[in-house]
Each structure stands twice: as C-alpha cells, then as structure tokens.
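Residue-level listing of the chains:
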Amino acid sequence: MDRVGVIGYGHMGSMLVKGFLASGVLAPGEVVVASRSRGNLDACAAAWPGIAIAATNADLARRCRTIVIAVRPQETMGVLREIVPVMDGSEHLVSLAAGIGLHDLEEMYAGPVSRVVPTATSAVGEGTTLVCHGQWVGTDEALMVENLFSAVGSVMPVGEEDLAAATLLSSCGPALLAAIIGELAGAAARASSLPPDRALVLATDLLTATAAYLRETGRTPEDLIGEVATRGGVTEVGVQGFRDRLPGVFDGVFAAMLERYGGLRK
Ligand SMILES: NC(=O)c1ccc[n+]([C@@H]2O[C@H](COP(=O)([O-])OP(=O)(O)OC[C@H]3O[C@@H](n4cnc5c(N)ncnc54)[C@H](O)[C@@H]3O)[C@@H](O)[C@H]2O)c1
C-alpha cells in the first residue's frame, strides 16, 4: 500500500495510528506522522518502531499518497496552506475537522478530498466512523479510505447535509452518554449508601447491556421500555419524568452544539 500520512498526533491522530498499526491494516513502514509537539512525536516513535516522522507537514505531504489531517478545525486551513503547494493533485486528502465543509477544502485543494469523522470509542474498536467523499474521489480511493477506517470500528457513508447531526450523535455522543451515565450513577449514590465507584460500575454495565440488548434483539427503545416498565411499577415514573423534561433539554443541547459546529473554523 502507498504511504499514509497523519498530520497531528493528538487524541485522534494517535488513536488512528494505533488502530491502523495494531489491526495490521498498515505496517509501520507505511505510515508517516507529523505533529507540532516534539513530545508527542517522540512518544509516537517510541511506541511504533519503524514508523517515519516527518520534519514538516510539507515533508510528509511529499512522501504520502493519502494524507489524514487530524489537527483542530481552527488549524486545518493553515496546514492546507503548508502542504497544498507541494502536492500534485493526485494525493487523497482526508480531513477530520468538524465543521469544515468539502467546498472549503476543495477550494484550497483541487484533488480528491474526503471528510471522515471517527469517534473516541474507536480506540477500543467500537463506534461508527462517518465518511463523506468529495466530487473528485474515485471508487478505489473511497474503498481504500473506508477499508482503512474499518480497522477502528464500523464505517458509515453519510451525505454532507447530514454530517453535522450525525457527528453530534456518533462522535460527540460518547461524551454526552458519559455525562448521562455519570449523572445516573451520581443520583443513585446520593440516594443511598452505595459508594460512587460501585454506582458507576452498575451504570456502565447498564449502558453496555442495554446497547447489546437493543442490537441483538432488534427491538426498539420503545419496546424495551414496555418490557421494563411494569404497569403501576417504579420505572414508569422515571420514564415519564424523562419524557416531561428531556426532549426540550436534548433539542436545546443539539441546537447549541450545531451553532458551535457552524463556527468552528473561525
Ligand atoms: N476528539 C474526537 O473525539 C474527535 C472525533 C472526530 C473528529 N475530531 C476532529 O479531529 C481533529 C483533531 O481533534 P483532537 O481531539 O485529536 O485534537 P487534539 O488537540 O488532541 O490534537 C491535535 C494535534 O494537532 C497538533 N497540531 C496543531 N497544529 C498543528 C500543525 N499546524 N501541524 C501539525 N500538527 C499540529 C497538536 O500538537 C495536537 O497534537 C479535529 O479537527 C476534530 O474536529 C475529533
């Protein structure tokens, strides 16, 4: 396989390099990394003997056919200004930047561009990576990128018009669910003598068990509520409490996140 470059060795960049190499989809000699922080690069070189570290982003771009940009959205255009002048238009640019559209990326680089949105849970091979290919991406290039990212979970192609909402769900979602799990565990601990760490174990197990149940049975959330909530029992009080309060809270949270998403590149 031609070499794959990863620019930015932060949370996502390091998680992806680990996923690509640990799964065997890439060998260390097929990966080049560049990042601003020397400490991160030293950690990368120590963790993955044989991996190439590029001195600059432009140096990486000269050596790779696929270039994954894993810097923050605010830094993405600056990275493009460094690398586009040394690219010949055939390299496949893969941007992770939330909120930076294909139009903006293709205005800077007139070649194959894809937007890819992994999730932090990809670190354990779980979760969905969203992909959205630009107009110059051919079938082989699309398959190559989708195959690469399937090393860290499942891959779902999404139209760009839906990418923002899908990102909030699948990629911001782990943090949102973690916050909910923390609140549930906290409420149980405050209402009892259960130590918080034991409440958290119960809440975390609840999350994986519920997901496994829904996935394996194919039943809907509504079906499961019907099975759990014994008529006249305690669950229906809790479900009703959520139904009275949560839709407004969730719509408000999504609206606030979408507003931030729309302004991320500034
Ligand atoms: N964290 C997530 O769960 C997640 C999920 C999907 C998409 N994303 C997207 O991935 C991108 C990276 O997010 P992150 O959470 O890994 O951020 P991060 O801050 O952890 O990592 C960014 C890395 O880029 C490096 N960097 C900054 N400027 C650079 C430059 N000019 N050249 C080279 N390296 C540079 C930094 O030193 C840092 O190591 C963002 O665009 C974000 O929108 C993040």
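Residues numbered from 1 in each chain as written. Predicted model: local features only at pLDDT ≥ 70, side-chain atom pairs only at ≥ 80, totals over all residues. Heavy atoms only, no water.

- Going by what an unreviewed UniProt entry lists, the chain is known as Pyrroline-5-carboxylate reductase and is assigned to Methanoculleus caldifontis.
- According to the UniProt record, the Pathway (unreviewed entry) comment for the chain reads "Amino-acid biosynthesis; L-proline biosynthesis; L-proline from L-glutamate 5-semialdehyde: step 1/1." (UniProt positions renumbered as here; feature names shortened; annotations may be inferred.)

So, the UniProt feature "domain: Pyrroline-5-carboxylate reductase catalytic N-terminal" (unreviewed entry) in the chain
And step 1. With numbering matched to this structure, UniProt assigns "domain: Pyrroline-5-carboxylate reductase catalytic N-terminal" (unreviewed entry) to residues 3-99.
And step 2. Secondary structure within residues 3-99 divides into 41% helix and 19% strand; the distance between the first and last C-alpha atoms comes to 27 Å. (Helix = DSSP H or I, 4+ residues; strand = E, 2+ residues; numbered from the N terminus.)

As for the UniProt feature "domain: Pyrroline-5-carboxylate reductase dimerisation" (unreviewed entry) in the chain
And step 1. UniProt annotation of "domain: Pyrroline-5-carboxylate reductase dimerisation" (unreviewed entry) refers to residues 160-260 when read in the numbering used here.
And step 2. For residues 160-260, the helix share is 84%, the strand share is 0%, and the end-to-end C-alpha distance is 17 Å.

Digging into the pattern of salt bridges
And step 1. Within the structure shown, the criterion is met by seven salt bridges.
And step 2. Across the salt bridge formed by Arg72 and Glu75, the nearest N and O atoms sit 3.4 Å from each other.
And step 3. Look at Glu75 and you get partly exposed, because its relative accessible area is 25%.
And step 4. Connected via shared salt-bridge partners are Arg36, Arg72 and Glu75. (Salt bridge = Lys/Arg side-chain N within 4 Å of Asp/Glu carboxyl O. Buried < 20%, exposed > 50% of the residue type's maximum accessible area, 1.4 Å probe, protein only.)

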